[in-house]
Amino acid sequence: MKINFKKQTRKRLLALLVFVLFCFSLDAFRIGYLQFARGEELKAKAESQQLYDTEVSAMRGTIYDAEGNVLAQSATVWNIFLDPGNITNEETRNLVVDKLAEILSLDEEGKAELYEKSAKETRYVVIAEKVENDIKEEISAFMADKEYKKYALGTIIGTEQSTRRYYPYGNFASSVIGFVGGDDQGLSGLEAYYDEQLTGTNGRIVTVKDSKGNKLPTDYETAIDAVDGCSLVSTLNPTIQYYLEKGLRSALEEYQCKGAYGIVQDCNTGAILAMSSLPDYDCNDPYTITYDKTMTELEAITDSTEKTEAQSLAVQNQWRNFNVSDTYVPGSVFKTFMASAGLEENVVTLDTTYTCTGSIQVMDRVMNCHYHAGHGTQDLTEGLMNSCNPFFITIGQKLGAHNYYKYFDAFGFTQKTGIDLPGEAAPQYYKEDEYTTVVLSSASFGQTNSLTPIEVCNGISAIANGGTLLKPYIVSEIKDANGNTIQKNERTEVRRVISEDTSEKVREMMKAVVDRGTGKNAYVAGYSVGGKTGTSTKLGEFKEGEKTKYIISFAGIAPTDDPQITLLIILDEPNQDLGGGALCAPLAPEVVEQAMRVRNIEPKYDEEELEQLSIPAPKVIGESVSDAKSMLEGKKLKCRTIGDGDTVVSQSPMAGATVPAGGTVVIYTEKDAKTTVTVPSFIGLTVSEANSVAAENGLNMEISGNNLSSSSVVAFRQSVEEGTEVEIGSVITVAFKNTNAVLD
C-alpha cells in the first residue's frame, strides 16, 4: 500500500499549528485575565513587595492665648520599629534586644516583650511609639557604630517620624483647650471643636525595596510633603485666666465643692477673656484624677466593678466644661433680667415700692422670702440689694406670661449661644403657654428654668453693654501654616434686648448691690463694681433626711460707669450653707482688679478711698535719722529705727514700694542689721484684730476686698503664707469678706 507522506505531513503540521494556537490563546486569555480581572490586585501586591511606603505626620496647628503664648503645640517625635526578617541569628537578636532595652529604659517585662516582637514572622513591628529626639539619636548612633557593622543593624532597626501634642501649662485653661487622643484627633475643648482646621494633611515617603525587602538608597525615594494644620488664636487673657483659676481652686478646696466654675467676658465684643471649670485635668495627662476629694471618695469604694465605673465617671466629669455643657437654676442672679424687663415695659420704675412681710400668697401657696422677718418697705433698687423674692414675684405678675417670655427669649435663654466650644447644652425652660401663675411667680425670682452659665453671663453682658445681645466666642483668628489669617471672629450682634436707659438704670442698681447690698464682698477700691448674688436649691438631688444641696453664684459688671467686663462665678454644693455673697463674691475683686490693669483702665478713687490708699515709700537711705523721721511723718507714715548709728543705711519697705496709709517704714543705721519675722496667720481675724497682729509682728497690712470694721468681716486670704520668713516692715496683703450672707 502506498502511503501519502505529503498529505500526512500537512495534517500533522495543521494539528501542531492548532495546538500552538490553542496554547497561545490560553496564554493570551491568562494574560488578559491577570491584566484586566486581577490587574489592580496584582499591582498592589507587586508594589507592596517592591515599595516601602511611609506616612509622614503633618504638624497639628498651634493654639495660642490672646498674647501669643503657646497653649498647645505639636512637636516631632519618632516611632521605632524592627524588621525581624533580617535578624538571621540569636547573637544578633540578643544584641538588638539588649541595646534597645537599655536605650528605651525597659524593665524585665518590657525587655521580654521586645524579645518576642523581634522573633515574629513579619517584616515590620513597632517597638516604641512617639519617643523624643534624644532617644532616636541614641538609637541612630547605635546603628552607625562601627563596632556593630557586621550585624547590618540598618536593615533591622528603623525610625518613622511622628508628632506629639504638648501643653506647656498643664492644667491651665484645660476645660477650654481640651486634649487629643493617640491618633492626634481632638477629643474635647478647642481641640475637638476646631479639629478639622487644626488637623493637617499627612505626607508620604515612597522608597524602592531590593529583592530581600530592604530599602534602597534615597536616590530611589519619592516624597510628598505634609501640609501642617491651621493655628488658633484664642481670646483667653493669661493674667485674667490665672487669677480666675486661682480663686476658683482655693474655693474648691476650702469649701470641698462638687465643682467651681467661672467666666469672664468682654461685654462689648462677646469675647471670652477667661473660662474655668473645676475640677480640671492636666492636658498632657487627661486620664489622671486631680481632685483630692474625688480620690478620697474613690478609695472608700470597695467593690471593684463599682470603683471602676466611679473612676471612669470621675475622669469624664473633669473633662466636662460645666460653663457650656451643663445647665443650672440661676437663682437670684436672674432678678437682674426681671428688673430689666420690668423697667423696659414700664410696669415698674426706680420709685416703685413694695412692702415685704417675709412671704407672699400666690394662689393656694405661700412663697417665702429668704428673709422670713421681711424687708419692710423698699424701692426697686433696695429690692434688688436685698434680693427680695416677693418683690420680684409681683414684677413677674405685672409683666404677665407673654412679656416675661418675650424677654426670656430676647436675652437668649431659649436657645444655645453658638459659642465655639463642643457639647453646648440646650436650656431647659417652660414654653410661653405653660406658665401658670405659680410657675411664673417661681420663675420670676430665678427658679424653675435651667440655663447654661455661658447663657447667663452673656445675658449679663447685654445688660452691661447698653442692651445688645452678642454672640460669645473664644477664638479670634484662624491662621494657615504660613501665618496668614484665613478667618477672623469679631463682635456679632444678635439683637437689641433693652434700651440704653434701662441698661444704665440696672447697672446702677447692681452697683448698689455691691456698695450696700448682698454683694459687698465684691467691692474693689477705685472701681465701681456692680453685681448680683444668687442661690438655688438643687431639688431632686438629695434624699429625705440628707442635707440640702445648693448651687450659689455671683454675677458682676465692671466698671459700671463704662462697662468693660462681665463675670460669673459659681460654686456647686459647697460644704457651708452660705450664699453667693459670702462664698462667690469674695473671689471677684482680685479678678476684677487684674482685668482692669490688663485693659489699662485707671482706678477712680473717692475721698474716703484716697485717704486709705497705699503710697510709695520715700527714699530715706543716706539721710540722718532725724531727717528720715521727718520725711516719713510728712507722708503720714510711722518710723521704726534699728541700730545705734546716725545715718540710714537701708530701709524696709524699699524706696518706691507701696506702704499702706499710716503704715510703718523700718530704717536701719547699721550694716547687716536686717531683721526678719515669721508671718503669722491672719485668717479668721477681723480688720482690727489683723491690724493689731500685723503691728505686733512689725509688719504692714494692706486691706483687700470688704474693708468694713465689723465682727462679721474676717480675713480669708493673705498674700504671704503663714510661717514664711520675711523682712520686718514687709507689706502683707490680706483679703477680707463679710460672712453674714443670705441664701438668696
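Right above here is the structure, for reference.
Okay, so let's go over this structure.

Reading the values: rules and limits
Residues numbered from 1 in each chain as written. Predicted model: local features only at pLDDT ≥ 70, side-chain atom pairs only at ≥ 80, totals over all residues. Heavy atoms only, no water. Helix = DSSP H or I, 4+ residues; strand = E, 2+ residues; numbered from the N terminus. Rg over C-alpha atoms; globule rule 2.2 N^0.38 Å. Buried < 20%, exposed > 50% of the residue type's maximum accessible area, 1.4 Å probe, protein only. Areas by Shrake-Rupley, 256 points an atom, 1.4 Å probe, with all protein chains shown as cover. Lys, Arg positive; Asp, Glu negative; His and termini not counted. Charge placed at Lys NZ, Arg CZ, Asp CG, Glu CD. Core = buried A, V, L, I, M, F, W, Y, C linked by side-chain atoms within 4.5 Å. Contact = heavy atoms within 4.5 Å. Phe/Tyr/Trp six-rings, centres within 6.5 Å; stacked < 30°, edge-to-face > 60°. Lys NZ or Arg CZ within 6 Å of the ring centre and 35° of its normal. Pairing = 2+ DSSP bridges. Axes fitted to C-alpha atoms, helices over the stretch in contact; angles between N-to-C directions. Parallel < 35°, antiparallel > 145°, perpendicular 65-115°, else oblique. Left-handed = near helix turned anticlockwise from the far one by under 90°. Nonpolar A, V, L, I, M, F, W, Y, C, P; charged D, E, K, R; others polar.

## Digging into the overall build of the chain
Thinking step 1. Regarding its fold elements, the chain presents 23 helices and 31 strands.
Thinking step 2. The C-alpha radius of gyration computed for the chain amounts to 37 Å, which surpasses the reference 27 Å derived for 744 residues by more than 25%, pointing to a less compact arrangement than a globule.
Thinking step 3. Once the C-alpha set of the chain is aligned to its principal axes, its extents read approximately 150 × 80 × 55 Å.
Thinking step 4. Classification of the 744 residues of the chain by burial places 50% in the buried group.
Thinking step 5. On the chain, roughly 35,700 Å² of surface is accessible, and the fraction owed to carbon and sulfur atoms is 49%.
Thinking step 6. Positive and negative side-chain charges in the chain, numbering 69 and 104 respectively, have mean positions lying 11 Å apart.

## A look at the nonpolar core
In summary, soluble globular proteins display a tendency toward joint burial of nonpolar side chains.
Thinking step 1. Within the largest apolar cluster, 89 residues are counted, with the highest numbers of intra-cluster contacts made by Leu190, Met275 and Phe411.
Thinking step 2. No other element matches helix α15 (residues 389-410), which puts 10 residues into this core.
Thinking step 3. Each residue touching Phe411, except ones within four places of it in the same chain, is listed here: Phe337, Ser340, Gly459, Ala462, Ile463, Leu469, Val497 and Ile498.

## Structural notes on the packing of aromatic side chains
Thinking step 1. Applying the stated rule across the entire model yields 28 aromatic pairs.
Thinking step 2. Ring geometry for Tyr148 and Tyr151: centres 6.5 Å apart, planes at 45°, overall tilted.
Thinking step 3. Judged by its relative accessible area of 15%, Tyr148 falls in the buried class.
Thinking step 4. Taken together, a centroid distance of 5.2 Å and an interplanar angle of 85° make the contact between Tyr287 and Trp319 edge-to-face. Of this pair, Tyr287 sits in the loop between β10 (272-278) and α10 (292-299) while Trp319 sits in helix α11 (residues 304-319), and the two are 32 residues apart along the sequence.
Thinking step 5. Connected via pairs of aromatic rings, a cluster forms that spans Phe334, Phe337, Tyr404, Tyr405, Phe408, Phe411, Phe413, Tyr429, Tyr430 and Tyr435.
Thinking step 6. A cation over a ring is seen here: Lys136 above Trp78, with NZ or CZ 4.3 Å from the ring centre.
Thinking step 7. The ring of Tyr429 has Lys431 lying over it, and the distance from NZ or CZ to the ring centre is 4.6 Å.

## Things to note about the pairing of strand β21 (residues 565-572)
Thinking step 1. When you tally the buried positions in β21, you get eight out of eight residues, the bulk of the element.
Thinking step 2. The two faces of β21 match: Ile565, Leu567, Ile569 and Leu571 on one face and Thr566, Leu568, Ile570 and Asp572 on the other face are all buried.
Thinking step 3. Note that strand β9 (residues 259-266) and β21 share eight bridges and pair antiparallel. Note that in β21 the partner of Asp266 across the bridge is Ile565.
Thinking step 4. Inspection of the sheet shows strand β20 (residues 550-558) paired to β21 by eight bridges, in the antiparallel sense.

## Structural notes on the sheet that holds strand β26 (residues 664-668)
Thinking step 1. Ordered in space as β23-β26-β24, the three strands form an open sheet in which the pairing is mixed. Each of the sheet's edge strands pairs with one partner strand only, and the pair in question is β23 (638-642) and β24 (650-652). In this sheet, neighbouring strand axes are inclined to one another by 25° on average, regardless of whether the strands run parallel or antiparallel.
Thinking step 2. The strands that helix α22 (residues 625-634) touches are β23 and β26; relative to β23, the one it contacts most, it runs at about 155°.

## What to know about the sheet that holds β9
Thinking step 1. Within the open sheet, the five strands sit side by side as β10-β9-β21-β20-β19. Their pairing is antiparallel. The open sheet is flanked by β10 and β19 (530-537), the only strands paired with a single partner. Here the strands of the sheet are splayed against their neighbours by 10° on average, with no regard to which way each runs.
Thinking step 2. Running at roughly 25° to β10, helix α9 (residues 238-254) makes contact with β9, β10 and β21 of the sheet.

## Regarding unusual backbone geometry
Thinking step 1. Pro279 follows Leu278 through a cis peptide bond whose omega is 5°.
Thinking step 2. Looking at where Pro279 falls in the secondary structure, it is placed in the loop between β10 and α10.
Thinking step 3. The peptide bond linking Ser652 to Pro653 adopts the cis configuration, its omega dihedral lying at -5°.
Thinking step 4. Relative to the helices and strands, Pro653 resides in the loop between β24 and β25 (658-659).
Thinking step 5. Backbone geometry at Lys130 places phi at a positive 50°, although glycine is not the residue there.
Thinking step 6. Tracing the backbone shows Lys130 in strand β4 (residues 125-131).
Thinking step 7. Exposure remark for Lys130: the relative accessible area of 18% places this residue in the buried category.
Thinking step 8. For Asn600, which is not a glycine, the phi torsion comes out positive at approximately 55°.

## Overview of the pairing of β10
Thinking step 1. For β10, a buried count of seven out of seven residues is recorded, marking the element as mostly surrounded by other parts of the structure.
Thinking step 2. In terms of strand pairing, β9 meets β10 through six bridges, oriented antiparallel. Of the residues in β10, the one forming a bridge with Gly262 is Ser276.
Thinking step 3. Between the antiparallel neighbours β9 and β10 lie five residues, among them Gly270 with a positive phi of about 95°.

## Section: the packing of α10 against α11
Relative orientation and spacing of two packed helices are given, respectively, by the angle between their axes and the distance between those axes.
Thinking step 1. Where α10 meets α11, the axes come as close as 10 Å, and the angle between the chain directions of the two elements is 165°. As the angle between them shows, α10 and α11 are arranged roughly antiparallel. Our pair here, α10 against α11, has a crossing hand that is right-handed. Residues Thr294, Leu298 and Glu299 of α10 form the contact with α11, whose participating residues are Lys307, Ala310, Gln311 and Ala314.
Thinking step 2. Looking at the contact of α10 with α11 residue by residue, the class counts come to three nonpolar, two polar and two charged.

## Some details on the environment of Phe413
Thinking step 1. Assignment of secondary structure puts Phe413 in the loop between α15 and α16 (437-443).
Thinking step 2. Accessibility expressed as a relative area gives 0% for Phe413, which makes it buried.
Thinking step 3. With 216 residues separating them in the primary sequence, Phe413 and Gln197 have C-alpha atoms 30 Å apart.
Thinking step 4. If we ignore the near neighbours within four places in the chain, the residues touching Phe413 are Phe334, Phe337, Phe408, Pro427, Tyr429, Leu451, Glu455, Val456 and Gly459.

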